[in-house]
Amino acid sequence: KEYKHPEYSGNGCVQAVWKMVCNTYFPRAQRGCTAGKPALFLRPCRNTCESYVEACQVRCCDEGVRCVFERSEESILQVGKSTAKSGYVDALGPSFRCTGAAWRSTGSLALGAFIAFLLSFLHAL
């Protein structure tokens, strides 16, 4: 099944994948960036991954599913050379250190209900 508009899907897994992809490939720009100038890539926050793992019920391997990790891997092509591998930033978004808020549907619903209540209260004044 295709999801051309995942933001309107009632499927939590589809929405979590959509948010994770957006946060990975279209990250928030760093504060103070200038158009046309190079900018650092801000990796997604750990709660982006955690929301995906929970919503899609991801189960994997003996080590389990870990969103935050850092490790060094030896290069297959170059003897004696290793590369650093890292997962998501160990911070909850939104944060200046990473990109993405990964709102849970219940949290955004609660926020929406609160805002609606607040607006109706202010309108009554």
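To be clear, the structure that these remarks concern was listed above.
For clarity, every value in this text was computed on a predicted model and none was experimentally measured. (Residues numbered from 1 in each chain as written. Predicted model: local features only at pLDDT ≥ 70, side-chain atom pairs only at ≥ 80, totals over all residues. Heavy atoms only, no water.)

## Comments concerning the side chain of Thr99
Its place among the elements puts Thr99 in the loop between strand S2 (82-86) and helix H3 (105-124). Of the residues examined, Thr99 reaches a relative accessible area of 3% and is grouped as buried. Those residues within four positions of Thr99 in sequence are excluded, and the remaining contacts are Asn23, Pro27, Arg28, Leu42, Arg43, Pro44, Cys45 and Thr48. (Helix = DSSP H or I, 4+ residues; strand = E, 2+ residues; numbered from the N terminus. Buried < 20%, exposed > 50% of the residue type's maximum accessible area, 1.4 Å probe, protein only. Contact = heavy atoms within 4.5 Å.)

## Things to note about a nonpolar patch on the surface
There is a patch of nonpolar side chains on the surface, built from Val17, Val21, Tyr25 and Phe26 and spanning about 440 Å² of accessible area. Assessed through its relative accessible area of 31%, Val17 is described here as partly exposed. (Patch = residues over 30% accessible without salt bridge, like charges linked within 9 Å, V, L, I, M, F, W, Y side chains within 5 Å. Areas by Shrake-Rupley, 256 points an atom, 1.4 Å probe, with all protein chains shown as cover. Salt bridge = Lys/Arg side-chain N within 4 Å of Asp/Glu carboxyl O.)

## Topic: the nonpolar core
The biggest cluster of nonpolar side chains holds five residues, and these are Met20, Cys49, Val53, Cys67 and Tyr88. Every residue in contact with Met20, bar those within four places of it in the chain, is listed here: Thr48, Cys49, Tyr52 and Tyr88. (Core = buried A, V, L, I, M, F, W, Y, C linked by side-chain atoms within 4.5 Å.)

## Topic: the packing of helix H1 (residues 12-25) against helix H2 (residues 46-55)
Interaxial distance between H1 and H2 falls to 8 Å at its minimum, and their mutual angle equals 155°. In terms of axis orientation, H1 runs roughly antiparallel to H2. Every pair of crossing elements has a handedness; the one defined by H1 and H2 is left-handed. Residues Gly12, Cys13, Ala16, Val17, Lys19, Met20 and Asn23 of H1 touch H2, and the partners they reach there are Thr48, Cys49, Ser51, Tyr52 and Ala55. (Axes fitted to C-alpha atoms, helices over the stretch in contact; angles between N-to-C directions. Parallel < 35°, antiparallel > 145°, perpendicular 65-115°, else oblique. Left-handed = near helix turned anticlockwise from the far one by under 90°.)

## Some thoughts on the pattern of salt bridges
Considering all chains together, one arrives at three salt bridges under this definition. In this structure, Arg46 engages Glu50 in a salt bridge whose closest nitrogen and oxygen atoms are separated by 3.0 Å. Residue Arg46 and its partner Glu50 are located together in helix H2, separated by four residues, close to a single helical turn. With a closest N to O distance of 3.0 Å, Glu73 and Arg71 form a salt bridge. Judged by its relative accessible area of 30%, Glu73 is partly exposed. Of the residues examined, Arg71 reaches a relative accessible area of 40% and is grouped as partly exposed. Among the charged side chains, a salt-bridge network with shared partners connects Arg46, Glu50 and Asp90.

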